Amino acid sequence: KDAAYHNGTVWVWLSGPAKTALKREGRADLALQLAEYEANLALTRGCVGSLPELLDAMPRKGKKEPEMSGCVSQAWSLAEFLRTLYQDILGIRPVHVSNKIEPFWLFDPRIPEESGRTTARVTLEGTPLLVTMQNFGDSMMVDILPEKTPAQPIGIKVFDEHDGISGYLNEA
């Protein structure tokens, strides 16, 4: 093992459970700040397009950013970044009941009000969707627009898996 292990480093993948807990406790704003830092890290430092295994907990003397160490590209670091981006911030996830995936996708966004209008391009069941969300403080707007006709109708539910608004994209 390299000298980085057990010397004040942070496992990057653990930011995923941290962001999930922040969202659950009503601090989606902090979860989003952490996700934005990681996005910048993935796009501008180290192995571009990925995330490292480890980061120093604090910047070293004379440095502005924490040093990266361990593996330069760690699959579970990137997987947790993507999972929390989809599930905890955009709020897009399959619904699990009795260890089965139900035939619908839940859209329950946690976009902070100050983020304004947020647009994401996601692919569900082979169909690219343009999803636009905006938090108005007292209400949330979600617009889901398929970019091509789905091969089969895609079941969706918005805001709450039990009592949310249900429907299908391009139901025949």
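Please refer to the structure placed before this passage.
These notes cover the structure that comes with them.

The rules behind each value
Residues numbered from 1 in each chain as written. Predicted model: local features only at pLDDT ≥ 70, side-chain atom pairs only at ≥ 80, totals over all residues. Heavy atoms only, no water. Pairing = 2+ DSSP bridges. Helix = DSSP H or I, 4+ residues; strand = E, 2+ residues; numbered from the N terminus. Buried < 20%, exposed > 50% of the residue type's maximum accessible area, 1.4 Å probe, protein only. Contact = heavy atoms within 4.5 Å. Salt bridge = Lys/Arg side-chain N within 4 Å of Asp/Glu carboxyl O.

### Describing the pairing of strand β6 (residues 118-124)
Right, so step 1: Bridging between β6 and strand β7 (residues 127-135) involves 7 bridges; their strand directions are antiparallel. Bridged to Leu124 within β7 is Thr127.
Right, so step 2: Where β6 hands over to β7, the hairpin turn is made up of 2 residues, of which Glu125 adopts a positive phi near 50 degrees.

### Let's talk about the environment of Thr127
Right, so step 1: Within the element layout of this structure, Thr127 appears in strand β7.
Right, so step 2: Residue Thr127 is classed as buried on the basis of its relative accessible area of 1%.
Right, so step 3: Separated by 24 residues in the primary sequence, Thr127 and Ala151 have C-alpha atoms spaced 7.9 Å apart.
Right, so step 4: Aside from chain neighbours lying at most four places away, what touches Thr127 is Val122, Pro146, Lys148, Pro150, Ala151 and Ile154.

### Here we look at the pattern of salt bridges
Right, so step 1: Evaluation of the coordinates by the stated rule reveals 11 salt bridges.
Right, so step 2: Residue Glu67 is joined to Lys63 by a salt bridge in which the shortest nitrogen-to-oxygen separation is 3.8 Å.
Right, so step 3: For Lys63, a relative accessible area of 48% gives the class partly exposed.
Right, so step 4: A salt bridge links Arg110 to Asp108; its shortest N-O distance comes to 3.1 Å.
Right, so step 5: With a relative accessible area of 17%, Asp108 lands in the buried category.

All we've got here are geometric facts, nothing functional implied.
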